[in-house]
Amino acid sequence: MRQDWEPEDLIEVWTLLEDDMKKVRNKSGATRLGFALLLKFFEVEARFPESAKEMPAAAVEYVAQQVKVPGGAWADYDWQGDRIKRHRKEIREAYGFRANTEEDQERLAEWLAAELCPVELSRERLAAAVVARCRNDRIEPPAPGRVGRLVGKAVKDFEARFCRSRVEWISHATRSRLEDLVAGSEDETGEGADGEGAVSGGGRSHFAELKADPGAPGLESLLAEVNKLQRVRQLALPADLFADVSEKLVDAWRARASKEYPANLERMKPPRRLTLLAALCHVRQTEITDSLVDLFIQLVLKINTRAERKVDKELNVELKKIRGKEGMLLRVAEAALSEPSGTVRRVIYPVVGGERTLKALAAEAAANEARYKARVRTVLRSSYSAHWRRMLSPLLGALELKCNNTAYRPVMDAIDLLQRYLDQPLKEGAFFDSAESVPLAGVVPEHWRAAVVDDKGRVERIPYELCVLVALRDAVRPGRSGWWGRTGGVTRRTTYRRTSRTTGTCTTPRWASRRMPGSSSSPCKASSGPRSTASSRPWWRARRAAWRSSRSTASRGFASPRAASRRSPRAWWPSRARSSGAGAPSTCWTS
């Protein structure tokens, strides 16, 4: 109950009407004032105050003037005797309420655990939902302290059920690998990264590595992310482990797991420990893939930028800018015309400043755009083949890219071609087989054609791989549409953005996951179409929207229940958040 009331609000809410005055006629003194205040308080809040301090002082004085009793009599009202019990019973009956029982509280706790805890994490909102539900059922809500304990019990029951249901979906082999993440054995922690156990479990060292962000853009950072992603996939978590719960809930469990030390997790009960670790690994798998794509985009840009800087530096060293070329040309023309039979060394050199000046002028003229691009291509090819090519095989092995945008079909065909040649060393063939259909349009720019295709029409692998990586980088960079990936048989679509959340093998933004894969508003179409459902939204979003709608409706009607009750009971009491209709489970993904 708020304590500050304006005069107009006091008149509107705390004025005793004719029916109210009839109820206080047979009472006097502190009893008369106490009953009137309890009556109006219940009319506003649909509950009784816990103590006299909860009653607004302005309301006490205003009601005291109406019942013609001094305001100080409120302090003499008996809060412990049978009289206040009779007053509460009379007020409840006047509004059609009844006192709550232990059975009511058990039902409320069960309702919270089954309906609201899966979609709402705020305990304050859960407590507000309990009060709204009681008002809807015309039951006097429990005291705020009791409501808090009831919410705590419901959350505890829900988490226990949630953990049990998640663990039932996880195989025994996966459970063992998850347990290895927080195992306290130092021998396991000290195992080399190449060991078999390091890949499947990894111990506490891998647990810390799993939570770490990627380093600065570089080849080693990209390879480390690929290794981290492979380790997470080795856990073999079910792809639909958290498909039936809200993303908000999964993120909350992931945040809880990331804050825990391995020793603390090891002391927890197995269902809770395994659920926390599964949520962490499930979300981190998508985040690591997202980081991997970001690193790839940055690395391709870095390779090109380094090559251009190197060429610029080389050209700046070997080229000397010549000023006054027009005047120099005039002097050369005049000298040649004055002595047409003279030698160049005797006639021309003196007027231009010597042989060195002419060589510098010739070098500057030769350093045109075509030569610059050719030099950049040479440096790119050299650095890629000697260093950066190490990322190609791990990257294509970690990312399974898919796209239904026909504009990027050549890029997808080129990626398939590279994957077929990953196991073939360059020593066995620097060119693609002549029988291969190598896509060039949409992959190889025109100014790269001469470097990629030789005089015999053969396509060289090294420059072609560079062109494919650049084309892929341009396709998946922020703002490009039509890409999606698969993780364990679940297809998700994407328009990759910087704020996206990646799913397994490609990138999926959070907002994109809220639409159906087959919706007409999406640039991508799922391969098998959506499952049949009554609503395009997931069941938990519809349920939360229904509950919040009922809650906001209730909050608008609490000011004056007497006036609202004359219009319609539903204008005062909020609608119950039921699971029918909106609560029917549905999914956005197609498997």
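Presented here is an overview of the structure given in this document. (Residues numbered from 1 in each chain as written. Predicted model: local features only at pLDDT ≥ 70, side-chain atom pairs only at ≥ 80, totals over all residues. Heavy atoms only, no water.)

### Notes on the nonpolar core
To be explicit about the condition: The term nonpolar core refers to a set of buried residues drawn from Ala, Val, Leu, Ile, Met, Phe, Trp, Tyr and Cys, joined through side-chain atoms within 4.5 Å. Working definition: with a 1.4 Å probe on protein chains only, accessible area under 20% of the residue-type maximum means buried, over 50% means exposed, and in between means partly exposed. Secondary structure elements are taken from DSSP: a helix is a run of H or I of four residues or more, a strand is a run of E of two residues or more, and numbering for both begins at the N terminus. Residue contacts are defined here by distance: any two heavy atoms, one from each residue, within 4.5 Å place the two residues in contact.
Ranked by internal contacts, the top residues of the largest apolar core, which has 102 residues, are Leu-112, Leu-178, Leu-222, Phe-296 and Tyr-464. Top contributing element to this core by residue count: helix α16 (residues 270–318), with 20 residues. Residues contacting Leu-178, with those up to four places away along its chain left out, are Ile-170, Leu-235, Leu-237, Leu-274, Leu-277, Ala-278 and Cys-281. One finds Trp-14, Phe-48, Ala-59 and Ile-91 within the second-largest nonpolar core, a separate group that totals 34 residues.

### Observations concerning the packing of aromatic side chains
Note the following rule: Pairs were defined over the aromatic rings of Phe, Tyr and Trp, the Trp ring being its six-membered one, requiring ring centres within 6.5 Å. Orientation was assigned from the angle between planes: stacked under 30 degrees, edge-to-face over 60, tilted for the rest. To sit over a ring, a charge needs its Lys NZ or Arg CZ within 6 Å of the ring centre and within 35 degrees of the ring normal.
In the structure shown here, the tally under the stated rule is 12 aromatic pairs. Pairing Trp-74 with Trp-79 gives two aromatic rings, centres 5.6 Å apart and planes at 75°, and the pair type is edge-to-face. For the pair Trp-74 and Trp-79, a shared accessibility class is recorded, and that class is buried. Taken together, the ring pairs in this structure connect Phe-42, Phe-48, Tyr-95 and Phe-97 into an aromatic cluster. It is Lys-27 that lies over the ring of Phe-35; its NZ or CZ is 4.3 Å from the centre.

### Quick word on helix α6 (residues 102–116)
Going by this rule: Given a helix with a known number of residues, its expected span is that number minus one, times 1.5 Å.
With 15 residues, α6 ought to run about 21 Å at 1.5 Å a step, and its terminal C-alpha atoms sit 20 Å apart, in line with that. Those residues of α6 lying buried are Asp-104, Gln-105, Leu-108, Ala-109, Trp-111, Leu-112, Ala-113, Glu-115 and Leu-116.

### Digging into the pattern of salt bridges
Test applied: Each salt bridge in this description consists of a side-chain nitrogen of Lys or Arg and a carboxyl oxygen of Asp or Glu lying within 4 Å of one another.
Across all of its chains, the model carries 34 salt bridges by this definition. We note a salt bridge from Asp-157 to Lys-153, for which the minimum N-O separation is 3.1 Å. A residue pair is termed a helical-turn pair when its members lie 3 or 4 positions apart in one helix, as Asp-157 and Lys-153 do in helix α8 (residues 144–169) at four residues. Residue Lys-153 is classed as partly exposed on the basis of its relative accessible area, which comes to 37%. Ionic pairing is found between Arg-390 and Glu-220, a salt bridge with its closest N-O pair at 3.3 Å.

### Points about unusual backbone geometry
The residue Ala-46 is not glycine, and still its phi comes out positive at about 60°. Among the structural elements, Ala-46 can be located in the loop between α3 (29–45) and α4 (57–67). Judged by its relative accessible area of 1%, Ala-46 is buried. For Ala-236, which is not glycine, the phi torsion reads 60° and is therefore positive. Within the secondary structure layout, Ala-236 lies in the loop between α13 (219–234) and α14 (247–259).

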